[in-house]
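So you can see what is in the structure, the chains are spelled out below.
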Amino acid sequence: MLNALTQTIAITALNLRTMPQRLGSSGVAVVGIAGVVVVLVSVLSIAAGFTAAMQGSGSPARALVMRSGADSEMTSGLSGPEVDLVKQAPGIRLDERSAIASAELYVVIDLPKKSTNSPANVPMRGIEPRALQVREEVSMVEGRPLEFGTNEVIVGRGASRQFVGLTVGQEVVSGQNTWVVVGIFEAGGGVSETEIWCDARVLQGAYRRGNTFQTVLARLDSSETFDSFRDWLTANPQLNVQVRRETEYYAQQSRALTSLIQGLGFGIAALMGIGAVFGAILTMYTAVSTRSREIATLRALGFNAVSVVVSVLAEALALGAIGGVIGGLAAYLAFNGYQTSTMNFQTFSQVAFAFKVTPELLVLGLAYALAMGLIGGLLPAVRAARLPIPTALREL
Amino acid sequence: MKYLPLLWSSLWRKKLRTIFTLLSIFVAFLLFGLLMTIRTAFSFGVDIAGLDRLVLIHKVSLIMPLPISYLERLQATDGVALATHNTWFGGVYQDPSNFFAQIAVEPKTFLEIYPQYRLPPEQVSAWMADRQGAVVGVDLARRFGWKVGDRIPIVGTIWQPKQGQVWDFNIAGIYDGDAGVDKTQLFFRYDYLDENRRQGEGLVGWYIVKIADPSQAQAMGAKFDGMFANSSAETKTTTEKGFVEGFAKQVGDIGAIMMAIVAAVLFTMLLVAANTMAQSVRERTSEVGVLKTLGFSNTAILSIVLGESVLIALLGGGLGLAAAWLIVQRGDPTGGLLPIFILPAGDVTIGAALIVGLGLVAGMLPAFNAMQLKITDALRRA
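Structural notes, computed from the coordinates.

**Comments concerning the overall build of chain A**
For step 1, the next point in the chain: Of the regular secondary structure elements, chain A holds 12 helices and 14 strands.
For step 2, the next point in the chain: The globule rule puts the C-alpha radius of gyration for 396 residues at 21 Å, and the 30 Å found for chain A is more than 25% above it.
For step 3, the next point in the chain: C-alpha atoms of chain A, sized along the principal axes, occupy 95 × 45 × 30 Å.
For step 4, the next point in the chain: For chain A, the proportion of contacts with a sequence separation of at least 24, taken over those separated by at least 6, is 83%.

Following this line, the structure appears as structure tokens:
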């Protein structure tokens, strides 16, 4: 037993030490596997980044009230009296003055995207003065908060980066309205960082919306009071609303795009993986066939078949590991933090996000690389073990 | 050509290796075909968007409505062949995940301005006769198993009916169209929407104007925008092509991402194929020597080795492209997210060129080496 183990270790070490001699064909296998890992990790990093932006937006201790039947903030609508009623619901956190809730309008305006210089739907949110207390994670990084009752706006960090003309002091002309940017805010990397915020009352006037809003975002007493808050509102015959936790709302908004990207990433990687496995198989066959005399000699000396199999597999796994590490590193260096924006189809508006190469993705890439190496080594290993010793010794 | 049997038998000299090489090239071109299809899907039909059609949207953004009164003014403008309007409905059929486009249109002008939607005449008249009538694309009808005469309830999200939340539509017709035409939409009558919605009477989403002279597109666009300047609803006019391109750009540069992946795939596969070719020729050094002794010229040797590598590429790549084409024929696998799911002929041609290129590049070095081989060296080395 111990003998078999030492044999295996000896022959594996020999194989691994001589790998540089087969640089050409090993290199091909490594590059093949690395290529697959780059594609897998980078495509999935798009999905990870988008999900992070969408989910960084919500808090379970906030509830979003929309008209029932509306599938996004964009299509919702609530009248002024309805909004007043919603703010009286139990479960909302109160301070000495009133409920911590903000009735909001959500529209999009056309602004050019910096990268393409073509118009993009930038979301614009009309907020009430309490909005910043509802969203505690929001803080100003430049300039100052907006003055309510004026045409001042504050702009999310992502929007300021992605679209033309959104820096402090600039005027934004949209149709017959002119807005003045007075500050840049951040919101924990969430989607609100792609938005422009202004006074809801001013927006009502500018968009001829009368005394109507679209949603109410309420800060709950605690995450647990959500049920009583929701039940009170949905049971109220004067209201026709649906209530969702903010986290659930954003998770649902991001589902379609995330699963599309993930499906795409896994699908491409699976197909490419087949190609890379063939590459690895070819490499290992070559490795085995150029060494068939060596292997036969070892077998003739009394090395057993298992140790030969293990040695070939170990070499294949090493190729996989090197490919996986190179691929993961390349994807990380090339794409991690890459800033971009796309359209959220539910609201027809832009979401800025950064590609995110997470540790999980790197581990996934490495695991996939090892699997490809292992599968690639399997057949050649068996061939090596089955090599008829006399013929192999006579070969060449 | 006369070397074909020779090529064929040397191809099967090592069966397993040839099969694996074939399969990796197969996979590469299968992926090529699929990625090009996805790229086309994300261009949202820009190839068939008309240059003689202009789109007028609200200057502030696409979601802002325009008054219906603009229609008459547009129609009365010199150089306008036809004008119509569309309104996005955005309703939900059974479940939000069943997304598809529903658009309120003016049936008569709509069918005139968009001849690419083909509808049998009896279905056209049925649609004109039924206020609640709607026409749907063949792909959409297949997805939900709808047929003419079915009644489809759709919950309004943007537009609420005067009673309840549900709008009912009768399927009056099922339209078809060439490859590249979006066959996943539902079009229904604007008069039905306008009379039954709770608010927003007399508002439309955007206008489509067919102009008599496409070369005047820019001037006409400026003219329209001038007509409505300083009103409560100013407009922004672009060609339909520009409009669709702008929309695709909003989604992000899917095209560039797809090209980057294709490049990575092809590069990897080229490496694998070239390596195999080189090795296979190296193993046959003595055979090359024998061929040369028999009087095969250097050029003949070169073309035999190159021919072998091109043959592998053609077999694997051709089958890969064919497989991609077959998969694409089965339609959009995401259930509505990618309405235009076709593999354009232009991309097939590019694929074919890439296949030949791959074969040539992979075979180049080994073929050159084989050509320069001296008979004495070749025979001794064995």
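On we go.
**Considering the sheet that holds strand 11 (residues 235-239) of chain B**
Residues and elements named next belong to chain B.
For step 1, the next point in the chain: Taken together, the nine strands give an open sheet; going across it, the order is 6-7-5-8-4-3-10-1-11, and neighbouring strands pair in mixed fashion. The open sheet is flanked by strand 6 (151-155) and strand 11, the only strands paired with a single partner. Direction aside, the axes of adjacent strands within the sheet are offset by 35° on average.
For step 2, the next point in the chain: Bridge analysis of strand 5 (residues 133-137) against strand 7 (residues 166-175) gives five bridges, and the strand direction is parallel.

**Description of the interface of chain A and chain B**
The accessible area lost on association of the parts is a frequent measure of interface size.
For step 1, the next point in the chain: Facing 42 residues of chain A, the contacting portion of chain B comprises 40 residues.
For step 2, the next point in the chain: The set of elements that each furnish at least two residues to the side of chain A that touches chain B consists of helix 2 (23-55), strand 3 (101-112), strand 4 (119-127), helix 8 (246-290) and strand 13 (339-344) of chain A.
For step 3, the next point in the chain: Top contributing element to the side of chain A that touches chain B by residue count: helix 8 of chain A, with 14 residues.
For step 4, the next point in the chain: Residues belonging to the side of chain A that touches chain B are distributed by class as follows: 23 nonpolar, 17 polar and two charged.

**What about the packing of helix 2 of chain A against helix 11 (residues 359-386) of chain A?**
All names here are of chain A.
For step 1, the next point in the chain: Two elements in contact, helix 2 and helix 11, have axes separated by 9 Å at closest approach and are oriented at 150°. Relative to helix 11, the element helix 2 is oriented roughly antiparallel. Pair helix 2 / helix 11 crosses with right-handed handedness. For the pair helix 2 and helix 11, contact is made by Ile 33, Val 36, Val 37, Leu 40, Val 41, Leu 44, Ser 45 and Ala 48 and by Leu 361, Leu 362, Gly 365, Tyr 368, Ala 369, Met 372 and Gly 373, respectively.
For step 2, the next point in the chain: By residue class, the composition of the contact of helix 2 with helix 11 is 12 nonpolar, three polar and no charged.

**What about the nonpolar core?**
For step 1, the next point in the chain: Grouped together as the largest cluster of nonpolar side chains are 178 residues, with contacts concentrated most on Ile33(A), Val37(A), Val65(A), Ala280(A) and Leu31(B).
For step 2, the next point in the chain: Excluding residues within four positions of it along the chain, Ala280(A) makes contact with Ala29(A), Gly32(A), Ile33(A), Ala316(A), Leu319(A), Met372(A), Gly373(A), Gly376(A) and Gly377(A).
For step 3, the next point in the chain: The next biggest cluster of nonpolar side chains, apart from the first, holds 52 residues, and it includes Val55(B), Leu193(B), Val209(B) and Ile211(B).

**A closer look at the environment of Asn275(B)**
For step 1, the next point in the chain: Along the chain, the position of Asn275(B) falls in helix 10 (residues 254-283).
For step 2, the next point in the chain: With 142 residues separating them in the primary sequence, Asn275(B) and Gly133(B) have C-alpha atoms 62 Å apart.
For step 3, the next point in the chain: If sequence neighbours within four positions are ignored, Asn275(B) has contacts with Ser25(A) and Val28(A).

**Quick look at helix 2 of chain A**
Side chains that are three or four residues apart share a direction in an α-helix, a result of its 3.6 residues per turn.
For step 1, the next point in the chain: Its 33 residues place the ends of helix 2 of chain A 46 Å apart at the C-alpha level, agreeing with the 48 Å of an ideal helix rising 1.5 Å per residue.
For step 2, the next point in the chain: Burial runs high along helix 2 of chain A: 28 of the 33 residues are buried.

**So, unusual backbone geometry**
All names here are of chain B.
For step 1, the next point in the chain: With a phi close to 65°, Gln 94 is a non-glycine residue in the positive phi region.
For step 2, the next point in the chain: On the secondary structure map, Gln 94 appears in the loop between strand 3 (80-88) and strand 4 (102-105).
For step 3, the next point in the chain: A residue is classified by how many C-beta atoms lie within 10 Å of it, and Gln 94, with 11 of them, is exposed.
For step 4, the next point in the chain: Even without a glycine there, the phi angle at Asn 230 is positive, about 60°.
For step 5, the next point in the chain: One can find Asn 230 in the loop between helix 8 (217-227) and strand 11.
For step 6, the next point in the chain: The exposure class assigned to Asn 230 is exposed, which follows from the 7 C-beta atoms found within 10 Å.

Rules and cut-offs
- Residues numbered from 1 in each chain as written.
- Chains lettered and ligands numbered in written order.
- Predicted model: local features only at pLDDT ≥ 70, side-chain atom pairs only at ≥ 80, totals over all residues.
- Helix = DSSP H or I, 4+ residues; strand = E, 2+ residues; numbered from the N terminus.
- Rg over C-alpha atoms; globule rule 2.2 N^0.38 Å.
- Contact = placed C-beta atoms within 7 Å.
- Pairing = 2+ DSSP bridges.
- Axes fitted to C-alpha atoms, helices over the stretch in contact; angles between N-to-C directions.
- Nonpolar A, V, L, I, M, F, W, Y, C, P; charged D, E, K, R; others polar.
- Parallel < 35°, antiparallel > 145°, perpendicular 65-115°, else oblique.
- Left-handed = near helix turned anticlockwise from the far one by under 90°.
- Core = buried A, V, L, I, M, F, W, Y, C linked by C-beta atoms within 7 Å.
- Buried ≥ 20, exposed ≤ 12 C-beta atoms within 10 Å, placed from the backbone.
- Expected span 1.5 Å × (residues − 1).

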